[in-house]
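# Structural overview
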Amino acid sequence: MASYKPTQIQVYPKPGEEATQDTLYWKNYEQQIQIKEFGAVSSIDFSPVAPHNFAVTAFTRIHIYGPYSLEPLKSLTGFKNTAYCARFRSDGQLLVAGCEDSVVRLFDVSGKVALRVFKGHTKAVHVTDFTSNRYQIFTGSDDYTCRLWDLPNATELNSYREHTDYIRCGVTSKLNRDLFITGSYDHTLKLFDARADKSVMTMDHGQPVESLLLYPSEGLLVSAGGRHVKVWDLLKGGQPLVSLKNHHKTVTCLCLSSNGQRLLSASLDRHVKVYNTTNFKAVHNFDYDASILSLALAPDDESIVVGMTNNILSIKHRKRPDESEAVPSQPRRRPSYRMPVKGKNYAPKQEDYLVSRPVKEYLAQYDKQLKKFNVSKALDSALEIWRRKRSPEVMVAVMKELDRRGTLKNALAGRDEQGLGSLLHFLLGNVVDPRFAPVLVTAAEMILDVYKQVVGQSPLVDRQLLRLQELLEKELGYQKDLIEVLGMLDTIFASSLPKTEVPCPGSSRANGLTPGVMGTSRPQPHAT
């Protein structure tokens, strides 16, 4: 008896991704490492000093991790409420952070107890940073104010109240100690000069501002709010340069690569987009498992660290060159034990007869049902695979096999409202795909033929049938438009070709006589 042949799943071509330099560069990271934190990771900041440890702010704790450590090197836990925005000073020795209790705390990285406590805000402080002279601190709060503090004396220097909503982001100038920029939920960005009594520049983002980024040259400012990422030219009075809308949900954080040539944005849609800063086109995309709240790049882009709403900290390290390539290969040491190697390198001769060992084949669930001629159960098994893996190739292959056997109509018949709804849902998602259309159009015709008597008895099925009708009508409209365009293109191409006369071989252009016949005179009759 012949053995059962499993159903052949056809491999359909997929549009390949163009292998650009950016794709090769940003894909050269190892598998991500996930660390469970105590709460949502709201802020990540790398120390500017080697070995470039990074501070992670999550709930009431600030954890400091090493470049390749899976456990925190130090934990700062002197917070009674949620901590925000831990930032390193330029020398990597001090760290400042805000809190939900409106108090700003200054820590020594080598210790655990706060060195200074700055009180003055009346609501949660979400923004903290050091100025370029390293002796002042900038803060922004939900009380609509931003303030400058003197570090040695722990006193307030300046206070500005120009925003009309929460201040949730800010950045200080690294070239001028008196300049800093704030972003607020009142949709505005404001540039402040500590030598003036009020802001010197105001820009309208149009959405609640979630993050700010200042270019190293400090001529360009990037703001993120809503689904938009906008670039502003500060040298031209805050003139908008470009507006990017590549995310589907709110953009929460921004980051710049080490060379300043690539801009990264992260969003609640679980994506990190990489843009070319020359033309601001998206050149790469990272996908994550949950909504992203914070993002940071290590110096030289050695690591990408992402904090998410599900309390997970994701770390990706750049792949290191293979040690086998750097170190010359050494002779492999032989094992200290003897092992049977007889026949290991034996090459069979031409007259030898090879006795193969039978290989047991493991059939998929739909193949087991097809082997038992349970056509309906086979179709249900393939449909279950599509629900779990979203691979329509298996479902299409089983339908094709059933159609070849002439039992597809039997497999589609006899279904209840839920079973028929699942089939129609599959058709709606794949019937217009050119790869599957030849098989699924036949299946759709059979479904309509079998269940035409029950149309109008189920609101769910009726809605899906109407959607299927609209989908097919729209696809037919597209096909007609494409045929018209194809006809226009054929006419244009035909008119652009040079006109050449093609003589018919073996015949004259005038009367079809062969060459030489027209030039010969008829023979004259001779009188005898």
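Everything numeric here is computed off the predicted structure, so don't read it as measured data.

## Quick word on the state of the cysteines
Scanning all chains against the criterion turns up zero disulfides. Just so you know, cysteine 169 is unpaired, no disulfide at all, and the nearest cysteine sulfur is the one on cysteine 85, 9.7 Å from it.

## Quick notes on the pairing of strand S10 (residues 125–130)
S10 sits mainly inside the fold: six of its six residues count as buried. Of the strand pairs in this sheet, S10 and strand S11 (residues 136–141) are connected by five bridges, and their pairing is antiparallel. Counterpart to phenylalanine 130 in the pairing with S11 is isoleucine 137. With antiparallel pairing between neighbouring strands as the criterion, S10 and S11 make up a hairpin whose turn holds five residues, including arginine 134 at a positive phi of roughly 70°.

## Remarks on the sheet that holds strand S6 (residues 83–88)
Taken in spatial order, the four strands line up as S6-S7-S8-S9 in an open sheet, and their pairing is antiparallel. Two strands lie at the open edges of the sheet, namely S6 and strand S9 (114–118), each paired on one side alone. This sheet shows a mean twist of 20° between the axes of neighbouring strands, independent of strand direction. Taken together, the four bridges between S6 and strand S7 (residues 94–99) define a ladder with antiparallel strand orientation. Looking at S7, one finds that arginine 87 is bridged to valine 96.

## Re the nonpolar core
Leu379 and Met399 are the most contacted members of the largest nonpolar core, which has 38 residues in total. Contributing elements (two or more residues each) for this core: helix H3 (365–371), helix H4 (375–389), helix H5 (392–405), helix H6 (408–412), helix H7 (417–430), helix H8 (437–450) and helix H9 (459–496). For this core, the element with the most residues is H4, which contributes seven residues. Filtering out sequence-adjacent residues up to four positions away, methionine 399 remains in contact with Leu379, Leu408, Leu423, Phe426, Val439, Leu440 and Ala443.

## Details of a nonpolar patch on the surface
The grouping of Val485, Leu489, Ile492 and Phe493 at the surface amounts to a nonpolar patch, some 360 Å² of accessible area in total. Tracing the backbone shows phenylalanine 493 in helix H9.

## Description of the side chain of lysine 190
Within the secondary structure, lysine 190 sits in strand S16 (residues 188–193). A distance of 3.2 Å separates polar atoms of two side chains, one belonging to lysine 190 and the other to threonine 202. Every residue in contact with lysine 190, bar those within four places of it in the chain, is listed here: Glu162, His163, Phe180, Ile181, Thr182, Ser199, Met201 and Thr202.

## Regarding the environment of alanine 437
For alanine 437, the position within the fold is in helix H8. Spatially, the C-alpha atoms of alanine 437 and leucine 427 are 9.5 Å apart, while their sequence positions differ by ten residues.

## Structural notes on the pattern of salt bridges
Enumeration according to the criterion identifies 17 salt bridges in this entry. Between aspartate 91 and arginine 134 there is a salt bridge whose closest N-O contact spans 3.7 Å. On the criterion of sequence distance, the pair formed by aspartate 91 in the loop between S6 and S7 and arginine 134 in the loop between S10 and S11 is long-range, its members being 43 residues apart. Aspartate 178 is the partner of arginine 177 in a salt bridge, and the nearest nitrogen-oxygen pair spans 4.0 Å.

## Structural notes on the packing of aromatic side chains
Evaluation of the coordinates by the stated rule reveals 13 aromatic pairs. Directly above the aromatic system of tyrosine 25 lies the positively charged group of arginine 318, at a separation of 4.1 Å from the ring centroid. Here the guanidinium or amino end of arginine 318 rests over the ring plane of tyrosine 29, the centre of that ring lying 4.3 Å away.

## Digging into unusual backbone geometry
A cis geometry characterises the amide bond from alanine 50 onward to proline 51, with omega recorded as 10°. Mapped onto the fold, proline 51 is located in the loop between strand S2 (41–46) and strand S3 (54–58). Although it is not a glycine, tyrosine 144 adopts a positive phi angle of roughly 75°. Turning to its location among the elements, tyrosine 144 is positioned in the loop between S11 and strand S12 (146–150). With a phi close to 70°, asparagine 311 is a non-glycine residue in the positive phi region.

Definitions and limits used
- For every chain, the first residue of the written sequence is number 1, and numbering continues from 1 along that sequence.
- The predicted origin of the model limits local features to residues at a pLDDT of at least 70 and limits the giving and counting of side-chain atom pairs to 80 or more, whereas totals for whole chains, interfaces and linings rest on all residues.
- The basis for every side-chain value is the complete set of heavy atoms in the structure, and neither hydrogens nor water enter the calculation.
- The criterion for a disulfide is a pair of cysteine sulfur atoms lying within 2.5 Å.
- Three exposure classes are used, based on accessible area relative to the maximum for each residue type with a 1.4 Å probe and protein chains only: buried under 20%, partly exposed in between, and exposed over 50%.
- Helix numbers and strand numbers start at the N terminus; a helix is a DSSP run of H or I with at least 4 residues, a strand a run of E with at least 2.
- A pair of strands is labelled paired if DSSP reports no fewer than 2 bridges between them.
- Interaxial angle, 0 to 180 degrees, is taken between N-to-C directions of lines fitted to C-alpha atoms, where a helix line uses only the stretch in contact.
- Definition of nonpolar core: a set of buried residues of the types Ala, Val, Leu, Ile, Met, Phe, Trp, Tyr and Cys, connected through side-chain atoms within 4.5 Å.
- We call two residues in contact when some of their heavy atoms are within 4.5 Å.
- Two distance rules govern patches: like charges are joined within 9 Å, and nonpolar side chains (Val, Leu, Ile, Met, Phe, Trp, Tyr) within 5 Å, applied only to residues with over 30% relative accessible area and no salt bridge.
- The protein chains shown are the only cover counted for residues, whose accessible areas, like all others here, come from Shrake-Rupley with a 1.4 Å probe.
- In the sections that follow, a salt bridge refers to a side-chain nitrogen of Lys or Arg positioned within 4 Å of a carboxyl oxygen of Asp or Glu.
- Pairs of N or O atoms are called polar contacts if they sit within 3.5 Å, as long as, within protein, a hydrogen donor faces a hydrogen acceptor (for residues adjacent in sequence, only side-chain-to-side-chain pairs).
- Ring pairs shown here join Phe, Tyr and Trp side chains whose ring centres sit within 6.5 Å, with only the six-membered ring taken for Trp; geometry is labelled stacked below 30 degrees between planes, edge-to-face above 60, and tilted in between.
- Counting as a charge over the ring demands two things of the Lys NZ or Arg CZ atom: a distance within 6 Å of the ring centre and an angle within 35 degrees of the ring normal.

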